[in-house]
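Chain residues, written in single-letter form:
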Amino acid sequence: MSNVTVDLGKTRALENLSLNVNAGEIFGLIGRNGSGKTTALKVLCGLLKPKNGNVFLDGQQVNTGKNEFKKMIGYCPQENSFFEKLTVRENMKYFAKLYDVEQDTGKLIESISKSLCLEDQVGVLAANLSGGMKRRLNIACTLMHEPQIILMDEPSIELDPVSKGELWKLIKLINRTGTTIIISSNNMEEIHYLCDMVTFLENGRKVYEGAPNDVLSVVYSREFWL
Amino acid sequence: MNIQKFMYMLAKDTEIFLRDIRSFMLLFLTPILIVILVGIAFLSTQPSHVPVIICGESKENGLYKDTYALLKNSGTFDLSEQEGYCREIISQKIKNSNVRAGIIIPEQSANATIEILIDNTKPVSTYIESYFNLITKDMSQKLMNAMISDMWSNIDNISEQIDAAEDELNSFSQTLGKASNDLSSISGDASVIKNGISAIKNAKTGIDYSISTLQGLRNNVASISSGLDTVDEKSRNIQNTINSLNVSIFAQSMLADDITSIQNSITAMRIAANSAENGINSLELSLKNAQNVLENANLDDMERRLNNIVNSLSETSSSIARVKNRIDSLANRLRAAKNNILTASDKYKPVYSEPVNSKISRYFGNKRYIDFVFPTILVMILMLMSTFLSSTSFIRQRSTGLLKRISISTTSFNFLLVEKTIFNAFISLIPLPFILTAGVLVLGIEINIYNAIPIILVCAILSIVFVLVGLIIASFSRTESTAILASLIFVVPMMFLSGAFTPFEAFPPAFQVMAASMPITISARLIEGLTFYVLPLDTMGILLAFLLAYIAITALIARMLIKRGI
């Protein structure tokens, strides 16, 4: 992401934000509510068009709306964005259809549900899943088109500590398959556990960037806030 | 467009909707219940059991009885009676909403004013007002008819009297003509008399002359008589001479005979002369008598008077001629007046001798109001369902982030818009066959297999319009509540301007144009045209073009706003 500026109405949501994410890493965006984390993710996945700046993937501009780039990116919003009245399998299949996945969706569903420990729930209505399972389904839907980059907006929000732990393990698992993951969060523990690199955002601007420990030590330092 | 993908998404969206059993039940029950309830409410447009109070000083009054009978027999009003003047009671009952109107019948029927108090805050007031206007006009018409009938009868009498007067005048004119002729005849007689008098006067002159001539004649006779005396004396002398002469006796005898003959002749002549004298005297006497008579007759005065009479007759005759002319002229005028009356009678009697009648033909035969309002109810339900369903489902999917996920997928935005539009329209149309069936079975609407298909087609187009309207509403509504409230801004005016509840003609002109151009009105017209009468193809084409234009416009707006609103 290079020098991206986004205005939401009269508010400047991002200002000259540049981010550099390496392939295969888990990249964290932290900051307070309204600092621009979700906006940055929306720009990355093409939901928002920046006023200035561009997004590149392997040197190619991706925010052009082309399907080849859309297939590379998976977006997992902080809400459970699937159909409550469909089963796990039906939801996964629906998202595969959305991305025009050509391979055998049955096998794909089996494989992803297994990897996310959802294999016993595939016939269950999404509405009947527990919070943690719903979050897994949310991620499963994102994975259905096998994106190279996954954008996760507050993935563990509203989850109990046990479910959080399971989810983090799951994210790590996904990352190990070579998928680049960009997480926005205001949970320092999550960032510390998951991320390889972290950018701290404040009022739409990058305040600090570095390894999670570095960032956390800076963020928790007295000088930073003074 | 990937049809397989489209059908898959459509099927899944439908499945999702139908898996919500409450939504599914309401989808069927709500429109059917609305159609049945509203339809039954509109089965008859004739108000009934309208509470009305009637009072008057006297219930025996003819006007009271007539009014009461008219209201009672109308089958519309529940009448309650009050004694005497009841304005206060009516006011109180209207205020308490116990009655919708009150009627106060005056005591006198002539120049009567029936006082009517109407609760003008209720919709039925217009009907009541029209009804009372009609019955008062009806009663006035009856009075008017009686008056006109009486008038025609009088006019007929006048006509007859004019005929009689004309006959009288003609007779009088004839009499005057005869009198004029008589006067002329008298005048002629007078002239003859006048001539007679002139002749008499001339005769008198002749008599005078005759008397003087007789005088001369008498003298002549006296002269002759004297001459005869002389001749007689001479003859005697001759006799004596002869006698004295010695002449033969024969000669003497012969001479004596001659002298005797002469003397006899003289005697005869004397007798004749005497007789002539006597005749002359007698004639003179007669003439003098005649002269006296004529003098006593005073012919000049008679002639003068006769002249006066002739002059008077002449003047009278002229006067009579003038009077006759006037009478003739009067008779002509009366004839003209009568002709005018007859012409007017021929022309207006058929018009005014009977009240103005209206022949009402029910152009659509036994069709009822519900037959015409049913299409509007149908499209209204579709409008409500399409708008609410699309706006709320869109907001629900947006609030869960589903739309965001879909919009960043390889599924294009146009694909998504078309799929959502078709899905919502399809869901809205699911109950349509049941609504139509309820219309046929419960309300007796004439829908068959031939017109059902075009009706469904029109409904589909209308549903698409309102699904898009719903999407537009959803694009700027953050929550479902906002969307429902915002939808009301569109649907409620359309419902009331659709013409189902209030006639278009009651709206201000600008609203009439607006109401006629609304998609709901256009669709209702199209369905009416497909169901109850045949709309000309060009009109149908124009209406369809309007609907398609609405689709195009709403689709463009929806595309523009929704993309921003995701």
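A brief structural summary. This one's a predicted model, so the numbers in the text were calculated from it and none came from an experiment. (Residues numbered from 1 in each chain as written. Chains lettered and ligands numbered in written order. Predicted model: local features only at pLDDT ≥ 70, side-chain atom pairs only at ≥ 80, totals over all residues. Heavy atoms only, no water.)

## Regarding the overall build of chain A
Line of reasoning, step 1. Helix and strand content of chain A: nine helices and 11 strands.
Line of reasoning, step 2. For chain A, the proportion of its 226 residues judged to be buried stands at 52%.
Line of reasoning, step 3. At a minimum sequence separation of 6, the contacts of chain A that also span at least 24 residues come to 66%.
Line of reasoning, step 4. Accessible surface, chain A: about 10,400 Å² in total, of which carbon and sulfur atoms supply 46%. (Helix = DSSP H or I, 4+ residues; strand = E, 2+ residues; numbered from the N terminus. Buried < 20%, exposed > 50% of the residue type's maximum accessible area, 1.4 Å probe, protein only. Contact = heavy atoms within 4.5 Å. Areas by Shrake-Rupley, 256 points an atom, 1.4 Å probe, with all protein chains shown as cover.)

## Section: the overall build of chain B
Line of reasoning, step 1. When helices and strands are tallied, chain B shows 16 helices and four strands.
Line of reasoning, step 2. Across the 566 residues in chain B, those meeting the buried criterion constitute 39%.
Line of reasoning, step 3. If you take every contact in chain B between residues at least 6 apart in sequence, the share linking residues at least 24 apart comes to 80%.
Line of reasoning, step 4. Summed over its atoms, the accessible surface of chain B is roughly 31,400 Å², and 60% of this surface lies on carbon and sulfur atoms.

## Some details on a nonpolar patch on the surface
Residue and element names in this part refer to chain B.
Line of reasoning, step 1. There is a patch of nonpolar side chains on the surface, built from Ile-21, Met-25, Leu-29, Leu-33 and Leu-37 and spanning about 500 Å² of accessible area.
Line of reasoning, step 2. Tracing the sequence through the fold places Ile-21 in helix α2 (residues 21–41).
Line of reasoning, step 3. Assessed through its relative accessible area of 53%, Ile-21 is described here as exposed. (Patch = residues over 30% accessible without salt bridge, like charges linked within 9 Å, V, L, I, M, F, W, Y side chains within 5 Å. Salt bridge = Lys/Arg side-chain N within 4 Å of Asp/Glu carboxyl O.)

## Some thoughts on the packing of aromatic side chains
How two aromatic rings sit relative to each other is set out by the distance from centre to centre and by the angle between their planes.
Line of reasoning, step 1. As enumerated under the stated definition, the model contains 13 aromatic pairs over all chains in all.
Line of reasoning, step 2. Judged by centre distance (6.3 Å) and plane angle (20°), the ring pair of Tyr-127 of chain B and Tyr-131 of chain B falls under stacked. In this pair, Tyr-127 of chain B and Tyr-131 of chain B are both assigned in helix α5 (residues 124–244), four residues apart and thus about one turn of the helix distant.
Line of reasoning, step 3. By relative accessible area, Tyr-131 of chain B is classed as buried at 15%.
Line of reasoning, step 4. Three or more aromatic residues joined by ring pairs form one cluster here, namely Phe-83, Tyr-94 and Phe-95 of chain A together with Tyr-8 of chain B. (Phe/Tyr/Trp six-rings, centres within 6.5 Å; stacked < 30°, edge-to-face > 60°.)

## Some points on the interface of chain B and chain A
Line of reasoning, step 1. At the interface, 26 residues of chain B touch 29 residues of chain A.
Line of reasoning, step 2. When residues of chain B are sorted by the area they lose upon contact with chain A, Arg-405, Ile-408 and Thr-410 of chain B head the list and together hold 33% of the total.
Line of reasoning, step 3. Where Lys-12 of chain B meets Glu-90 of chain A, a salt bridge forms, and the shortest distance between an N and an O atom there is 3.5 Å.
Line of reasoning, step 4. If you look at where chain B meets chain A, you find 16 residue pairs in polar contact (both at pLDDT 80 or more).
Line of reasoning, step 5. Looking at the side of chain B that touches chain A, the elements that each hand over two or more residues are α1 (3–19), α8 (369–399) and α9 (402–407) of chain B.
Line of reasoning, step 6. The element contributing the most residues to the side of chain B that touches chain A is α1 of chain B, with nine residues.
Line of reasoning, step 7. Among the residues making up the side of chain B that touches chain A, the classes are represented as seven nonpolar, 10 polar and nine charged. (Buried area = accessible area lost by both parts, 1.4 Å probe. Polar contact = N/O pair within 3.5 Å; in protein donor to acceptor, adjacent residues only side chain to side chain. Nonpolar A, V, L, I, M, F, W, Y, C, P; charged D, E, K, R; others polar.)

## So, α8 of chain B
Along an α-helix, residues three or four positions apart point the same way, because every turn accommodates 3.6 residues.
All names here are of chain B.
Line of reasoning, step 1. Taking 1.5 Å as the rise per residue, α8 with 31 residues should run 45 Å; its terminal C-alpha atoms sit 44 Å apart, in good agreement.
Line of reasoning, step 2. Of all 31 residues in α8, 27 are buried, a share of seventy percent or more.
Line of reasoning, step 3. Trailing α8 by a residue or two, Gly-401 shows a phi angle of about 80°, which is positive. (Expected span 1.5 Å × (residues − 1).)

## Looking at the environment of Thr-87 of chain A
Line of reasoning, step 1. With respect to the helices and strands, Thr-87 of chain A occurs in the loop between β7 (73–76) and α3 (88–98).
Line of reasoning, step 2. The exposure class assigned to Thr-87 of chain A is buried, which follows from its relative accessible area of 13%.
Line of reasoning, step 3. With 41 residues separating them along the chain, Thr-87 of chain A and Asn-128 of chain A place their C-alpha atoms 9.0 Å apart.
Line of reasoning, step 4. With sequence-adjacent residues up to four places away left out, Thr-87 of chain A is seen in contact with Val-122, Gly-123, Val-124, Leu-125 and Ala-126 of chain A together with Arg-19 of chain B.

## Digging into the sheet that holds strand β11 (residues 205–210) of chain A
Residue and element names in this part refer to chain A.
Line of reasoning, step 1. Taken in spatial order, the six strands line up as β7-β8-β9-β3-β10-β11 in an open sheet, and their pairing is mixed. Across the chains shown, the open sheet's two edge strands, defined by having one partner strand only, are β7 and β11. Within this sheet the neighbouring strands show an average axis-to-axis angle of 20°, counted without direction. (Pairing = 2+ DSSP bridges. Axes fitted to C-alpha atoms, helices over the stretch in contact; angles between N-to-C directions.)

## So, the sheet that holds strand β3 (residues 101–105) of chain B
Residue and element names in this part refer to chain B.
Line of reasoning, step 1. On the basis of which strands lie adjacent, the open sheet formed by four strands has the order β2-β1-β3-β4 and mixed pairing. Each edge of the open sheet is held by one strand with a lone partner, namely β2 (77–83) and β4 (115–118). Strand-to-strand, the axes of this sheet are offset by a mean angle of 20°, without reference to chain direction.
Line of reasoning, step 2. Here strand β1 (residues 50–56) runs beside β3; their pairing, made up of five bridges, is parallel. From the neighbouring strand, Val-52 faces β3, where its bridge partner is Ala-101.
Line of reasoning, step 3. Those strands touched by helix α3 (residues 62–74) are β1, β2 and β3, and its axis lies near 155° from that of β2.

## Focus on the pairing of strand β9 (residues 180–185) of chain A
Residues and elements named next belong to chain A.
Line of reasoning, step 1. Buried residues dominate β9, accounting for six of its six residues.
Line of reasoning, step 2. In β9, alternate side chains face the same way, and those of Thr-180, Ile-182 and Ser-184 on one face and Ile-181, Ile-183 and Ser-185 on the other are all buried.
Line of reasoning, step 3. Relative to β9, strand β3 (residues 26–31) runs parallel, the two sharing five bridges. From the neighbouring strand, Leu-29 faces β9, where its bridge partner is Ser-184.

## Re the state of the cysteines
Residues and elements named next belong to chain A.
Line of reasoning, step 1. Throughout the structure, instances matching the rule amount to one disulfide over all chains.
Line of reasoning, step 2. Left without a disulfide partner, Cys-76 is nearest to the cysteine sulfur of Cys-141, which lies 8.6 Å away.
Line of reasoning, step 3. Relative accessible area serves as the criterion here: at 2%, Cys-76 is assigned to the buried category.
Line of reasoning, step 4. Exposure remark for Cys-141: the relative accessible area of 1% places this residue in the buried category. (Disulfide = S-S within 2.5 Å.)

## Brief notes about the side chain of Asn-451 of chain B
All names here are of chain B.
Line of reasoning, step 1. Along the chain, Asn-451 turns up in helix α12 (residues 449–476).
Line of reasoning, step 2. Using a relative accessible area of 7% as the deciding quantity, one classes Asn-451 as buried.
Line of reasoning, step 3. Within the structure, the side chain of Asn-451 is placed 2.8 Å from the backbone nitrogen of Asn-448, a separation counted as a polar contact.
Line of reasoning, step 4. Setting aside residues up to four positions removed in sequence, Asn-451 forms contacts with Glu-446, Leu-530 and Thr-531.

## Observations concerning the nonpolar core
Line of reasoning, step 1. Met-1, Leu-116, Leu-137, Ile-139 and Leu-151 of chain A together with Phe-374 and Leu-378 of chain B are the most contacted members of the largest nonpolar core, which totals 155 residues.
Line of reasoning, step 2. A per-element tally of this core places α12 of chain B first, with 17 residues.
Line of reasoning, step 3. Here Leu-137 of chain A is in contact with Phe-82, Val-88, Asn-91, Met-92, Leu-118, Ala-126 and Leu-129 of chain A, once residues within four sequence places are set aside.
Line of reasoning, step 4. In terms of nonpolar packing, the next biggest core, distinct from the first, is built from 18 residues, Ile-54, Leu-63, Ile-103 and Ile-114 of chain B among them. (Core = buried A, V, L, I, M, F, W, Y, C linked by side-chain atoms within 4.5 Å.)

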